[in-house]
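Below are the chains, spelled out letter by letter.
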Amino acid sequence: MQSQQSEYRWVTVAIAMVLLGALPGSGLSNSHRCFADDEVKAEVEPKENDTAELSVAPLSHLIYPDDRPGWIDEPIANDGKDYSLVVTSGPSSSIEEADELIGVYARGAVQSYVDELVSEQEWATEPEMIPLDINWIRDELVVRRYEGVVQVGDEQQFEKAILIRIEPDDKKVFETAIADMKLKERLAATGIVILGGFSLLVGGSIVLGGLASRQKQPTAAV
């Protein structure tokens with residue numbers, strides 16, 4: 001009887017183990033393993049969109065033409081006699097815009113040079129008081145010019161560049177303009193002093209005349 005019960009117990013245990021192995025939860029480890037493998041494969045395999053994005057040039061990528069002159073990239077040169085610098089418009093949507101920008105930048109570059117001349121003298125003035133004609137700059141100071149195209153990403157734009165050279169004769173023109181402005185300021189200051197003295201003189205005469213008239217009026221009454 002006991003042997004029959006023990007056999008029955010072992011049969012029950014065996015059936016329970018078989019049932020537990022057949023439950024859906026027993027396949028969770030395999031399903032998780034398959035899902036993880038799929039994730040690894042997805043990370044390793046390259047995406048088609050990445051390849052497509054790499055084939056498009058970045059918007060900030062510049063491609064200059066082969067005929068672009070090398071002097072455009074030259075730094076500012078100052079040998080104590082001649083002063084040279086390059087001004088570029090940068091990529092512009094049109095030739096007209098490039099021409100406008102090159103004029104603004106050229107005037108600013110020459111203005112900086114004039115500011116240095118003013119700072120070298122013991123005389124304080126506003127730099128913008130020194131007149132600078134952009135047409136004179138283009139006609140007298142520009143020795144080289146360039147106009148071309150530049151590829152910005154997938155868009156074609158335009159570029160202008162000029163080489164400005166300030167020679168000793170040109171420097172004398174600026175120094176003369178500075179000296180003239182200095183003289184005008186001195187004359188203006190002298191004029192203000194003279195005008196102030198004249199005003200004091202006239203004002204004093206009026207006051208003295210008034211006092212004299214007041215003194216004469218009581219005397220006449222007596």
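Use the structure listed above.
As the structure is a computational prediction, the values presented were derived from the model and not from experiment.

Conventions used here
- Residues numbered from 1 in each chain as written.
- Predicted model: local features only at pLDDT ≥ 70, side-chain atom pairs only at ≥ 80, totals over all residues.
- Heavy atoms only, no water.
- Helix = DSSP H or I, 4+ residues; strand = E, 2+ residues; numbered from the N terminus.
- Buried < 20%, exposed > 50% of the residue type's maximum accessible area, 1.4 Å probe, protein only.
- Contact = heavy atoms within 4.5 Å.
- Areas by Shrake-Rupley, 256 points an atom, 1.4 Å probe, with all protein chains shown as cover.
- Core = buried A, V, L, I, M, F, W, Y, C linked by side-chain atoms within 4.5 Å.
- Phe/Tyr/Trp six-rings, centres within 6.5 Å; stacked < 30°, edge-to-face > 60°.

Draft legend 1. Focus on the overall build of the protein chain. On a plain count of helices and strands, the protein chain comes out with six helices and five strands. Moving toward the C terminus, one meets the helices and strands of the protein chain in the order α-α-α-β-β-β-α-α-β-β-α. Residues counted as buried form 21% of the 222 residues belonging to the protein chain. Intrachain contacts of the protein chain at a sequence separation of at least 6 include 67% that bridge at least 24 residues. By element, 58% of the accessible surface of the protein chain is carried by carbon and sulfur atoms, the whole surface being about 16400 Å².

Draft legend 2. Fine view of the environment of Y105. Positionally, Y105 belongs in helix α4 (residues 95-119). In this structure Y105 comes out as partly exposed when scored by relative accessible area, which is 39%. Counting along the chain gives 17 residues from Y105 to T88, while the straight-line C-alpha distance between them is 7.7 Å. Once you skip the residues sitting within four places of it in the chain, Y105 turns out to touch V87, T88 and S89.

Draft legend 3. Structural detail: the nonpolar core. Among the nonpolar cores identified, the biggest contains 20 residues, and V110, I164 and F174 are the most heavily contacted of them. Every element with two or more residues in this core is listed here: β3 (83-88), α4, α5 (134-141), β5 (155-166) and α6 (168-221). Residues within four places of I164 in sequence aside, it is in contact with Y83, S84, L85, V87, A106, V110, L141 and V142. Residues W71, I72, Y146 and A161 belong to the second largest nonpolar core, which totals five residues.

Draft legend 4. Highlighting the packing of aromatic side chains. Taken as a whole and assessed by the stated rule, the structure comprises three aromatic pairs. Seen in terms of ring centroids, Y83 and Y113 are 4.8 Å apart; in terms of plane orientation they differ by 40°. Their pairing is tilted. Residue Y83 is found in strand β3, and its partner Y113 is found in helix α4; the two are separated by 30 residues along the sequence. Both rings, one in W136 and one in F174, keep their centres 5.6 Å apart while their planes meet at 90°; by these two values the pair is edge-to-face. Linking W136 in helix α5 with F174 in helix α6, this pair joins segments that are 38 residues apart in sequence. Within the aromatic cluster, the residues linked to one another by ring pairs are Y83, Y113, W136 and F174.

Nothing here speaks to function; it is all geometry.
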